[in-house]
Amino acid sequence: MKTSVGASTGAVGGTRPGAATGTATGAVRGTVPGAPSGGPAGAGAGEAVPAGPPHTSRPAPAGIADIVDSPRIVALAASVSGGRDAAVREFWAEAATQGTPLVEPLPWDPGHRAVTFLWRGTGRTRRVLLLVNRLVDRTHLAGSLMRRIHGTDVWHLTYRLPSDYRGSYVIAPDTGTEGGRAHTGDVSVAMPEAPALWSAPGSEPADDFQARLLPLLAAARPDPLNPHVLPSRWRGEGGSVFELPDAPPQPWRPWAAGPDESVARGTVERHRLTSAALAARRDVWTYVPPGPLPDGGADTLVLLDGDMWFGRLGVQGLFDRLIADGVLPPLVVLAPDAVDNATRAREFGGRQAYTNFLAAELLPWASGRLPVTFDPSRTVVAGESLGGLTALYAGFAAPRRFGNVLAQSPALWWRPEGAGPANGADVAKRPSWLAERFAGGGRRELRTHLRAGRYEGDARTRSRELRDTLRVLGHPVTYREYNGGHDHACWAGGLAEGLADLLGRPDADAGTPGPV
């Protein structure tokens, strides 16, 4: 079976209308040879760091995902209004059998689908909040409240989405208050005491209603009628995944299946490395492929956020499959943990200390234990979100170590001074800090695979800006946009496609589309 990366596949996590609805240690030191001066030092424990992007970058562009009526829900409401009592019971039986969300064609719009998310309420359910990755505007949560068919337990919300969309979501039902806590099924969340706490949207100022919805975010959980669950990172139960009929196929879908028993497995280990650059110890996951390795070392991937990719998602299954199918040559992977959000925010970004850790500590440490290559043209550094920005900076600062960068949804809002105004200017109106660094730093021997979701708002715009900057400098750049958000459900396939682009064998049929 050949691996296909980037063609089309069937729907998962939804139904079509007409059917039922449904361990070693080491200590090393060093700096990156030839690294540019003037970059932020980073990594100091007491250093002030931006904790996240500016809020203006987070919501999807207005109107990109319209809320529409579902033909199935309209028909159900009509049946209920007509007095057919069995209609709701039959509807839930079908949904339980077929799974959710409900996916329906739009006859007047063949390139899109009506995607209906469902929640079965109880007598205590006051409202239900739907949180679809990058479709929810967290500054206006009322826009993501589900509707209820009057007199029933059916809560629903329908988006019109491109037929190749893939994404994840969670649901937060609110079942009232008791002793100052908002109950959401089996979970309760501390809530402020306030009069008329559960008033409807429009009956109180928007800011007050937003404040009353915010605590529900902490208790959001996967959709119980969708079996496809993507693990979360450091807390929570994870998120449900849905894929529309034309979503690009992915050779590895960590929400859908266990290890592939048909391919040989590589060896995964976890090590503890002492870093002088970070003044800390770091766990590092390593993957060594099965079978013989080439003389001079195997191609090497430094994959950021190892605690997520290996610890939660089991990414070794992807590498096993891509190597077995001949899409990639034998590949050694080094994946340091990010530890936690605070540590990640303090160390990641355009910080020279973290680049020193990767290039002058991690790679030399690995060379004494694993068959890694010293050839930068066969070495990739990869990351997503803030890790994507970190990978790009590592390629900029240490091109003699990293000749290839795979950056997914890079957090190009990042600046050393934080996300607020810089030198009296609105950061949103300026080129990204990293684009400015590349533009002023001259050409490097660097290949880049850059990806962004069409629902990522400002992040998409800044990714295009960086693409154009790199191309003007003469850097080979592959740029992809996909119908999805800031989401490991999309990044799982992007990791496969990006590695196939940067390291893949020329004669391998990876099924990837042409560069943009």
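Source: prediction; values computed, not measured.

Trainee: Where do I start with the pairing of strand β13 (residues 267–275) in this structure?
Mentor: Each regular strand carries side chains that alternate between the two faces of the sheet. Both β13 and strand β14 (residues 280–288) contribute to a ladder of nine bridges, which runs antiparallel. Residue Val268 lies in a different strand from β14, and its bridge partner there is Tyr287. From the end of β13 to the start of β14, which pair antiparallel, there are four residues, and Ala279 there has a positive phi angle of about 55°.

Trainee: How do you make sense of helix α11 (residues 488–503) when you look at a structure like this?
Mentor: An α-helical turn contains 3.6 residues, so any two residues separated by three or four positions project in the same direction. For α11, which comprises 16 residues, the first-to-last C-alpha distance of 21 Å matches the rise-based estimate of 22 Å (1.5 Å per residue) to within 8%. Within α11, 15 of the 16 residues are buried, leaving the element largely enclosed by the surrounding structure. A side-chain oxygen of the first residue of α11 lies 3.0 Å from the backbone nitrogen of Ala489; this N-cap is Asp487.

Trainee: Sorry, what's going on with helix α9 (residues 433–441) here?
Mentor: Every buried residue belonging to α9 is among Trp433, Leu434, Ala435, Arg437 and Phe438, and all of these are buried. One or two steps after α9, the chain reaches Gly442, where phi turns positive at roughly 80°.

Trainee: Please explain the pairing of strand β18 (residues 404–408) as it appears in this structure.
Mentor: The buried count for β18 comes to five of five residues, which makes it a mostly enclosed element. Alternating residues of β18 divide into Asn404, Leu406 and Gln408 and Val405 and Ala407, and every residue in both groups is buried. Sheet topology places strand β17 (residues 379–384) next to β18; five bridges connect them, and they run parallel. Bridge assignment links Glu384 to a residue of β18, and that residue is Gln408. The β-α-β motif built from β17, the intervening helix α8 (residues 386–397) and the parallel element β18 has right-handed crossover chirality. Judged from the five bridges that link them, β18 and strand β19 (residues 447–453) form a sheet pairing that is parallel. The residue bridging Val405 from the neighbouring strand is Thr448, located in β19.

Trainee: What should I look at first to understand empty space enclosed by the protein in this one?
Mentor: Unoccupied space between atoms shows up once a probe the size of one water molecule is rolled over them. If you add up the space inside the largest cavity, you get close to 70 Å³. Classifying every residue of the lining of the largest cavity gives three nonpolar, three polar and two charged.

Trainee: Can you help me understand the layout of surface pockets in this one?
Mentor: In this structure, the second largest pocket occupies an estimated 450 Å³ of space. Lining the second largest pocket are 22 residues, with Trp252, Gly258, Pro259, Asp260 and Gly317 sitting closest to its centre. Looking at the lining of the second largest pocket element by element, the count peaks at four residues for helix α5 (residues 316–324). Across the lining of the second largest pocket, the residue classes break down as eleven nonpolar, six polar and five charged.

Trainee: Help me out: how do you make sense of the nonpolar core in this one?
Mentor: For soluble globular proteins, the rule of thumb is that nonpolar side chains tend to be buried together. With 50 residues, the main nonpolar core has Val302, Leu358, Phe402, Leu434 and Leu466 as its most contacted residues. Counting 36 residues, the second largest nonpolar core, distinct from the first, contains Met308, Val315, Val327 and Val333.

Trainee: So what exactly am I meant to see when it comes to the packing of helix α1 (residues 71–81) against helix α2 (residues 86–98) here?
Mentor: Two quantities define a packed helix pair, namely the angle between the helix axes and the distance between the axes. Relative to each other, α1 and α2 sit at 150°, their axes nearing to 9 Å. Compared by their axis directions, α1 and α2 come out roughly antiparallel. Counted together, Arg72, Ile73, Leu76, Ser79 and Val80 of α1 and Ala87, Val88, Phe91 and Glu94 of α2 form the full contact between these two elements. Looking at the contact of α1 with α2 residue by residue, the class counts come to six nonpolar, one polar and two charged.

Trainee: What is the right way to look at the sheet that holds strand β4 (residues 127–132) in this model?
Mentor: Backbone-to-backbone hydrogen bonds join strands into a sheet, with any given pair of strands oriented parallel or antiparallel. Sheet architecture is open: four strands sit in the order β4-β7-β12-β11, paired in antiparallel fashion. On the outer flanks of this sheet lie β4 and β11 (229–230), each paired with one strand and no other. The pairing of strand β7 (residues 166–174) with strand β12 (residues 239–243) spans four bridges and is antiparallel. In the strand pairing of β12, Arg166 is matched with Glu243. Along the sheet face, α11 touches β7, β11 and β12 and points at about 160° away from the line of β7.

Trainee: What's the story with the side chain of Gln210 in this structure? I'm lost.
Mentor: Structurally, the position occupied by Gln210 is in helix α3 (residues 206–213). Assessed through its relative accessible area of 12%, Gln210 is described here as buried. A polar side-chain atom of Gln210 sits 2.7 Å from the main-chain carbonyl oxygen of Arg138.

Trainee: When you look at the sheet that holds strand β6 (residues 154–162) in this model, what are you seeing that I'm missing?
Mentor: Taken in spatial order, the four strands of this open sheet run β2-β3-β6-β5, and their pairing is antiparallel. The sheet is open, and its two borders are formed by β2 (102–105) and β5 (147–148), each paired with just one other strand. Sheet analysis places β5 next to β6, joined by two bridges and oriented antiparallel. Bridging across to β6, Arg148 finds its partner in Trp155. Here α2 sits on the sheet and contacts β3 (112–120) and β6; the angle it forms with β3, its principal contact strand, is near 110°.

Trainee: Looking at this structure, how should I read the packing of aromatic side chains?
Mentor: Given two aromatic rings, one states the distance between the centres and the angle between the planes to describe the pair. Inspection of the entire model under this criterion finds 17 aromatic pairs. Note on Phe117 and Phe242: the rings are 5.3 Å apart at their centroids and 85° apart in plane angle, and the pair reads as edge-to-face. Taken together, the positions of Phe117 in strand β3 and Phe242 in strand β12 put the pair 125 residues apart, joining distant regions of the chain. Both residues of the pair, Phe117 and Phe242, count as buried. Geometrically, the ring pair formed by Phe310 and Phe319 is tilted, given 6.2 Å between the ring centres and 45° between the ring planes. Grouping residues by exposure puts Phe310 and Phe319 together as buried. An aromatic cluster is defined as three or more aromatic residues linked by ring pairs; in this entry it consists of Phe117, Tyr159, Tyr165, Tyr169, Phe242 and Tyr455. In this structure, Arg444 is placed above the aromatic ring of Phe396, and the distance from its NZ or CZ to the ring centre is 4.0 Å. Just above the ring of Tyr479 sits the side chain of Arg467; from NZ or CZ to the centre is 4.8 Å.

What counts, and at which threshold
- Residues numbered from 1 in each chain as written.
- Predicted model: local features only at pLDDT ≥ 70, side-chain atom pairs only at ≥ 80, totals over all residues.
- Heavy atoms only, no water.
- Pairing = 2+ DSSP bridges.
- Helix = DSSP H or I, 4+ residues; strand = E, 2+ residues; numbered from the N terminus.
- Expected span 1.5 Å × (residues − 1).
- Buried < 20%, exposed > 50% of the residue type's maximum accessible area, 1.4 Å probe, protein only.
- Polar contact = N/O pair within 3.5 Å; in protein donor to acceptor, adjacent residues only side chain to side chain.
- Right-handed = clockwise from strand over helix to strand, strands pointing away.
- 1 Å grid on protein atoms, 1.4 Å probe; cavity = no way out; pocket = protein on both sides within 12 Å on 5 of 7 lines; lining within 4 Å.
- Points joined across faces, edges and corners; volume = space filled by probe spheres on them.
- Nonpolar A, V, L, I, M, F, W, Y, C, P; charged D, E, K, R; others polar.
- Core = buried A, V, L, I, M, F, W, Y, C linked by side-chain atoms within 4.5 Å.
- Axes fitted to C-alpha atoms, helices over the stretch in contact; angles between N-to-C directions.
- Parallel < 35°, antiparallel > 145°, perpendicular 65-115°, else oblique.
- Contact = heavy atoms within 4.5 Å.
- Phe/Tyr/Trp six-rings, centres within 6.5 Å; stacked < 30°, edge-to-face > 60°.
- Lys NZ or Arg CZ within 6 Å of the ring centre and 35° of its normal.

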